[in-house]
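# Results of the structural survey
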Amino acid sequence: MRILLLEMKKIWRGRILLLVALLCGLYSVLFMDFYVGHISITDHPGAETTELAGYMLDHYGATLEPDEFDEFMRLRPQFVAEANQYIAEMPVFRDAGIYNYDDIVVLSQNLERSEAEERAYWVLGMEQCNYVGYRIQAIDSIAENYTSFGTRINTMLYDEPLTASEQIRVREIVSLKEYYSVFPDIIEYTKDYFKYLAVLCVLTSLILTSPLVTLDRARKMNQLQYASATGRGILTRQLFATLISSLLLTLILFVIFGLLFTRAGTMKFLRCDINGFIGNSFTHIPITYGGYIGVLLVLSLVAAIASSALAFVFSRFSDSLVTLIFKLIPFFVAVDLVSVLLVFNRPLMIGTSNALTDFGLYAILLFIGVAVAALALRRERRVDI
Amino acid sequence: MVFLYELKKLAATPALWGFIMLCVAFNCFITITQESGAGYPNFVSSVGKTAGTTLDRSFQEMLAAFPDDADGFKAALQTETADARDVFENYDIIEIGERYIGVHNADGKIAEIFRNKYADMQTHVDSLAAADESMSLYFGGGTYYLHQSLFGDVFGRLLMESMLCASLLTLLLFGYERSHNTELTAYSSKTGRRLLLTKLSASITASIIAFGLLAIVSLGTYFTLNDFSGIWRSSVSSGFNKMHDLIAGMRPFTTWRSFTVLGYFLACTGISIGIVAAISLFSAAVGVFLRNTYVGFMIVVLFNALCVVAPIAFSGRTFIHYIFTLSPIYLWGLRIRWFTDGSADTLWKNFELLGLAASGVLFLILYLTANKHFARRDLS
Amino acid sequence: MLALNNVTKNYGKFTALENINLEFSGGVYALLAPNGAGKTTLIKMLTTLIFPTKGEILWNGDEIVKLDASYRDSIGYLPQDFGYYKNHSPREFLLYMSAMKCMDRAAAKRRTEELIEVVGLSDVRDKKMRKFSGGMIQRVGIAQAMLNDPKILILDEPTAGLDPKERVRFRNLISSLSKDRIVILSTHIVSDIETIAGSVIMFKDHKLLTNDAPTAICGTLAGKVYETDDISAITAPYLALTEHQDGGRTITRFASERDCSNVAVSAAPNLEDVFLYVYRDEAV
């Protein structure tokens, strides 16, 4: 145990941690902030739809029964009244010859608008009108999705090449009324955010843990280690230290980036089934938003630990840190291709994935990682130093 | 002589060769698996060989003489070229510039530079119009896809791999004596600390050689599958070629000077080599300052990431924002716009040359500072 | 002539060497001091790997840092922990080092072949050094130091870690190479010095203690070194130096400022005695 802790101390060096922290910050700005912002701020009328889904959740619970739907739709006249008030007060509408929301509806069907009409049309969705235009669009879209859900499912059954089990599952969503869930259409952004988090977990795990064995060999410490009472068993402890460090770092990243993700304001939907009427994503199994995020995190964790195990083997066969990096870069790219193109490409979703691509590839990766590391350890027992 | 020995050290590093071979394999795999619909461009290229690349009456006559094909390529090309018109005729690029200025709320000096840039470009556009430059074949209807695939995708991969390779081999060479414990012997020899200059020249040379190796195989594979032989003399500013951004949408591909496709290809290769050399120079400076090559590589990566993040942070389109767009990594990101006006992403004309020069000077100063520091550093 | 004028070297607040004045004009000079006394610091200054904090080092009257390459062209250096490229053969490595020493190709080849013969590595000249013994690596090391036929040959602990046979062989080699040049040898193996050194330089408390011939240095303890098989009989204050076995008896060699000839046998002092006597307060 003491050796394990000492090896972990060698891994968790201040300078590398500082660099990892800097990398996380830059990476977050480059790849992850976008998704948080799009859920909550910049994507219209998506942001308004999410806001209204939150309203439904607060007032009616995780599902919206038909009678609750009727009550919910009473919001629409309020929104229209609000829009009419803005239209009456702001000259931009008057200049375009618009006097109430019905004029906006007519205008929306007219593709040849004058400059004044174009300006007026968009102003209603802007901040100065409290996004009321988008709120009306959102509530109309919600109503459309709720009332025509059965038709959408039938279209899906006929138009998309679904397997027999997928067809059964799609019908089950209707028959079990899973689609009553008020969950908004935020799966794509969520999935992409956690996909990039998975890549970051792999990257930082590799950076933090892989130099351990290479550095020991470069400093000829391995001779002292192998000649000590611990002997070549040190490598087993170093492997465990690597895996535990990878696990710890990944958990830390989960906490940090999980907290950052709360800025999107979607955490309130954790207990909602994601096969709701608002979205278009349906899963192979009934699963809540929280459960889905949990699945994504487990996938990330497996990827990070498996990568660290394989990197441990690379580090054993690298004379210097630069040669180690030469090996790690293609490895990292390969893991990312598996992650981005296959595993995190709408995991668990009907029509785009199956259990093999979702979990099988990472299970294989984990198995290969640990097996190759174990083989390397076994081989090391008889290697001349 | 020492220079050759330094190159030999790199040549004797199996991991470097392994990396290059994996990159080559990756590029070839992507090129082969993404190859689709090359039939039409290859047909256009064969037409270009016979009928030339200028869309005039003679071209139409020679195209008409081509035998009809089952795929309908000839008919498609006839339709496309018959409809071709000079896209630079009455093309108001100043108005495009004004749109960029408006969307980004540019004012003061920045707006003035933007206006001057687009006023200069307008002059060139008018000359292109006078010369009927856009009445050029390139790949006809397949131009946008192939131009993007070569100068965007293939060059993008090639350059990114070469930059990584350049950085790593440079750091490897600068850390070589330390990792082999030969620093004391090497730096107490007659060559002494001047060895660093030799290492620098060897690193840059090796980086360019690595780029060359990657380019020969990757581009060789690409050109084997996509026949460019008939359109090299075509103008890159063909009416079929477009550039795209969110503000101006699709618009003609307009360069600061007239380029044939071959000329443009060579110019882009030149810029790529320059960027690879700049990254090698920067890595050398980092390698001299920091004796830990692993941390050194991290610093190189972080610096480049910062150069991408900084313009996002300075989203107010200040001068600082635009200065960061001159960094090598940003130039890599804008590779599809090299030698054009650069859209709203860059402020100055010839941003690729300017960026390369600025990066080169900055990194050289950094390197010389590091070298000066190293000349008086105690070695233990 | 190589001269150090008031040379001081500080590492932050720590003073490794203080106000050293020395002159080297020819022959073998041995730097004799315990670990950490500043031998390697001095050698690294002489090889321009580190720089004096104060003072100057002159070669034939010129400052060596200013002389730069022309000075380094005059030196040959074998570091304490000699690094080499494991994947090179001795010939390849020597050719590489001759390039570093800016020798022309023909001269480098000729000199490499000569030195491989001199250091006795002819049989393995084209074998990778990966599996060489410590002695063979040191011989490659001395060969690389001699490539440019240096005026100053600087050897930092050249015999450390060698077996007795290799050490004798190496000592003879150094001795044969010492004609017409300055050889500066750092060691704390006194038998090496007694055999080949013309002068011994000792440091104490990071300052120069002495720079003299071995006999003269040994002379400083003349009449003060004794041997006895009954150390308990010695009543005068003494410093135990070494012990050895002789016919089943343990003979103790000691030094005393007082005359002990009535209870012990006077012995001729050697450098080891001086070393132990001078550095009696320091961990050796």
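## Some thoughts on the overall build of chain A
Per the secondary structure count, chain A includes 18 helices and zero strands. Burial statistics for chain A: of 385 residues in total, 51% are counted as buried. Partitioning the intrachain contacts of chain A with sequence separation of at least 6 by distance along the chain shows that 76% fall at a separation of at least 24. When the accessible surface of chain A is totalled, it reaches about 17,600 Å², and 61% of it is carbon and sulfur.

## Quick word on a positive patch on the surface
Where like charges cluster on the molecular surface, the positive patch consists of A:K220, C:K86, C:R130 and C:K131. Along the chain, the position of C:K86 falls in the loop between β6 (75-78) and α4 (90-100). Given the relative accessible area of 37%, C:K86 is considered partly exposed.

## A closer look at helix α8 (residues 143-174) of chain B
Residues and elements named next belong to chain B. In this model, α8 (32 residues) spans 44 Å end to end at C-alpha, consistent with the 46 Å of a helix rising 1.5 Å per residue. If you look at α8, its biggest bend is around 35°, right at F155. Of all 32 residues that make up α8, 26 are buried, and the element is covered over most of its length.

## Quick notes on the nonpolar core
One finds A:M56, A:F93, A:L124 and B:W338 to be the most contacted residues of the largest nonpolar core, which totals 200 residues. Among the domains, domain 1 (2-42 + 183-380) and domain 2 (64-176) of chain A are the pair contributing at least three residues each to this core. When neighbours within four sequence positions are excluded, A:M56 is seen to be in contact with A:G61, A:L64, A:F72, A:I142, A:V182, A:F277 and A:I278. The next biggest cluster of nonpolar side chains, apart from the first, holds 111 residues, and it includes B:F363, C:V119, C:L177 and C:L221.

## A word on the domain arrangement of chain A
Note on interface size: it is often stated as the accessible area lost on association of the parts. All names here are of chain A. Domain parsing of chain A yields domain 1 (2-42 + 183-380) and domain 2 (64-176). Taken over C-alpha atoms, the centre of domain 1 sits 40 Å from the centre of domain 2. Contacts between the two partners involve 14 residues from domain 1, matched on the other side by 14 residues from domain 2. The contact between domain 1 and domain 2 buries some 1,100 Å² in all, and 68% of this surface belongs to carbon and sulfur atoms. Among the residues of domain 1 in contact with domain 2, F277, F282 and I350 are the three that bury the most area, contributing 58% of the side total. Viewed at the interface, domain 2 and domain 1 are joined by zero salt bridges. Looking at the side of domain 1 that touches domain 2, its residues break down into six nonpolar, eight polar and no charged.

## Examining the sheet that holds strand β14 (residues 265-266) of chain C
The pairing of strands in a sheet happens through backbone hydrogen bonds and is either parallel or antiparallel. All names here are of chain C. Read across the sheet, four strands follow the order β12-β13-β11-β14 without closing on themselves; strand pairing throughout is antiparallel. Two strands close off the open sheet at either side, each with one partner strand: β12 (239-246) and β14. Across two bridges, the pairing between strand β11 (residues 225-228) and β14 is antiparallel. Across the sheet, the residue bridging to E227 is V265, located in β14. In this fold helix α10 (residues 271-278) packs onto β11, β12 and β13 (249-255), with an angle of close to 140° to the strand it touches most, β12.

## Section: empty space enclosed by the protein
Empty space left among the atoms is revealed by rolling a probe the size of a water molecule over them. Enumeration according to the criterion identifies four cavities of 30 Å³ or more in this entry. Together, B:F174, B:G175, B:R178, B:E183, B:Y187, B:L196, B:G287, B:V288, B:L290, B:R291, B:F374 and B:R377 line the largest cavity. Mapped onto the lining of the largest cavity, the elements with two or more residues apiece are α10 (183-187) and α12 (261-289) of chain B. Across the lining of the largest cavity, the residue classes break down as six nonpolar, two polar and four charged. The wall of the second largest cavity is formed by B:Y5, B:K8, B:K9, B:A12, B:Y176, C:N87, C:H88 and C:Y96. At three residues, helix α1 (residues 2-11) of chain B tops the list of elements feeding residues into the lining of the second largest cavity.

## Observations regarding the domain arrangement of chain C
Split into domains, chain C comes out as domain 1 (1-74 + 150-219), domain 2 (85-148) and domain 3 (223-267). The straight-line distance from the C-alpha centre of domain 2 of chain C to that of domain 3 of chain C is 48 Å.

## Some details on the sheet that holds strand β3 (residues 27-32) of chain C
Residues and elements named next belong to chain C. Read across the sheet, six strands follow the order β6-β7-β8-β3-β9-β10 without closing on themselves; strand pairing throughout is mixed. Each of the sheet's edge strands pairs with one partner strand only, and the pair in question is β6 and β10 (207-212). Strand-to-strand twist of the sheet, defined as the mean angle between neighbouring strand axes without regard to direction, takes the value 15°. In this structure, β6 lies alongside strand β7 (residues 152-156), joined through four bridges in parallel fashion. Each residue of the ladder has a partner; that of L78, found in β7, is L155. Together, β3, β6, β7, β8 (182-187) and β9 (199-204) form the strand contacts of helix α1 (residues 39-46), whose direction differs from that of β7 by roughly 145°. Where helix α6 (residues 134-146) meets the sheet, its contacts fall on β6 and β7, and the angle it forms with β6 comes to roughly 165°.

## Side note on the pairing of strand β2 (residues 249-252) of chain B
All names here are of chain B. Where strand β1 (residues 242-245) lies against β2, four bridges are found, and the strand directions are antiparallel. The residue of β2 that forms the bridge with M243 is R251. Taking the residues between adjacent antiparallel strands as the criterion, β1 and β2 are bridged by three residues.

## A short note on unusual backbone geometry
All names here are of chain C. Positive phi is not limited to glycine here, since N19 has a value of about 50°. Tracing the backbone shows N19 in strand β2 (residues 14-24). Here the phi dihedral of N60 falls at roughly 50°; this positive angle occurs in a residue that is not glycine. N60 sits in the exposed class, given a relative accessible area of 52%.

## Topic: the confidence of the model for chain C
Looking at chain C as a whole, its pLDDT mean stands at 87, while 99% of the residues score no less than 70. For chain C, per-element mean pLDDT is lowest for helix α8 (residues 190-196) of chain C, which scores 80, and highest for strand β4 (residues 54-59) of chain C, which scores 94.

## Points about the interface of chain C and chain B
Each partner contributes to the interface: chain C provides 31 residues, whereas chain B provides 31 residues. When chain C packs against chain B, the two sides together hide about 2,600 Å² of surface, and 58% of this comes from carbon and sulfur. In terms of surface lost to chain B, no three residues of chain C exceed C:L49, C:Y85 and C:M100, which account for 23% of the buried area on that side. C:K9 serves as the salt-bridge partner of B:D378, at 2.4 Å between the closest nitrogen and oxygen. Here chain C is connected to chain B by 15 residue pairs in polar contact (both at pLDDT 80 or more). Secondary structure elements with two or more residues in the side of chain C that touches chain B: β1 (2-11), α3 (69-72), β6 and α4 of chain C. For the side of chain C that touches chain B, the leading source of residues is α4(C), giving six residues. Considered class by class, the residues forming the side of chain C that touches chain B number 18 nonpolar, five polar and eight charged.

## Side note on the packing of aromatic side chains
What describes a pair of aromatic rings is the distance from one ring centre to the other and the angle between the planes of the rings. This model, assessed by the stated rule, comprises 59 aromatic pairs over all chains. Judged by centre distance (5.4 Å) and plane angle (10°), the ring pair of A:F31 and A:Y196 falls under stacked. Of the two residues, A:F31 sits in helix α2 (residues 14-42) while A:Y196 sits in helix α12 (residues 187-209), which places them 165 residues apart along the sequence. A relative accessible area of 34% places A:F31 in the partly exposed class. Lying across the ring of C:F51, B:R376 places its NZ or CZ 4.3 Å from the centre. Positioned above the aromatic ring of C:Y277 is the side chain of C:R280, whose terminal nitrogen or guanidinium carbon lies 4.4 Å from the ring centre.

## Section: the pattern of salt bridges
Residue and element names in this part refer to chain C. By the definition in use, this model includes 42 salt bridges over all chains. Between E114 and R111 there is a salt bridge, with its nearest N and O atoms 3.0 Å apart. Residue E114 and its partner R111 are located together in helix α5 (residues 105-118), separated by three residues, close to a single helical turn. Relative accessible area serves as the criterion here: at 37%, E114 is assigned to the partly exposed category. For R111, a relative accessible area of 17% puts it in the buried group. The residue R181 makes a salt bridge to D149 at a minimum N-O spacing of 3.0 Å. Placement of R181 in the loop between α7 (164-177) and β8 and of D149 in the loop between α6 and β7 is noted, with a sequence separation of 32 residues between them. The exposure class of R181 is buried, given its relative accessible area of 11%. Here D149 falls in the partly exposed class, since its relative accessible area comes to 42%.

What counts and what doesn't
- Residues numbered from 1 in each chain as written.
- Chains lettered and ligands numbered in written order.
- Predicted model: local features only at pLDDT ≥ 70, side-chain atom pairs only at ≥ 80, totals over all residues.
- Heavy atoms only, no water.
- Helix = DSSP H or I, 4+ residues; strand = E, 2+ residues; numbered from the N terminus.
- Buried < 20%, exposed > 50% of the residue type's maximum accessible area, 1.4 Å probe, protein only.
- Contact = heavy atoms within 4.5 Å.
- Areas by Shrake-Rupley, 256 points an atom, 1.4 Å probe, with all protein chains shown as cover.
- Patch = residues over 30% accessible without salt bridge, like charges linked within 9 Å, V, L, I, M, F, W, Y side chains within 5 Å.
- Salt bridge = Lys/Arg side-chain N within 4 Å of Asp/Glu carboxyl O.
- Lys, Arg positive; Asp, Glu negative; His and termini not counted.
- Charge placed at Lys NZ, Arg CZ, Asp CG, Glu CD.
- Expected span 1.5 Å × (residues − 1).
- Bend = angle between axes of the 7 residues up to and from the residue.
- Core = buried A, V, L, I, M, F, W, Y, C linked by side-chain atoms within 4.5 Å.
- Domains from an automatic or database assignment.
- Buried area = accessible area lost by both parts, 1.4 Å probe.
- Nonpolar A, V, L, I, M, F, W, Y, C, P; charged D, E, K, R; others polar.
- Pairing = 2+ DSSP bridges.
- Axes fitted to C-alpha atoms, helices over the stretch in contact; angles between N-to-C directions.
- 1 Å grid on protein atoms, 1.4 Å probe; cavity = no way out; pocket = protein on both sides within 12 Å on 5 of 7 lines; lining within 4 Å.
- Points joined across faces, edges and corners; volume = space filled by probe spheres on them.
- pLDDT = per-residue confidence, 0-100.
- Polar contact = N/O pair within 3.5 Å; in protein donor to acceptor, adjacent residues only side chain to side chain.
- Phe/Tyr/Trp six-rings, centres within 6.5 Å; stacked < 30°, edge-to-face > 60°.
- Lys NZ or Arg CZ within 6 Å of the ring centre and 35° of its normal.

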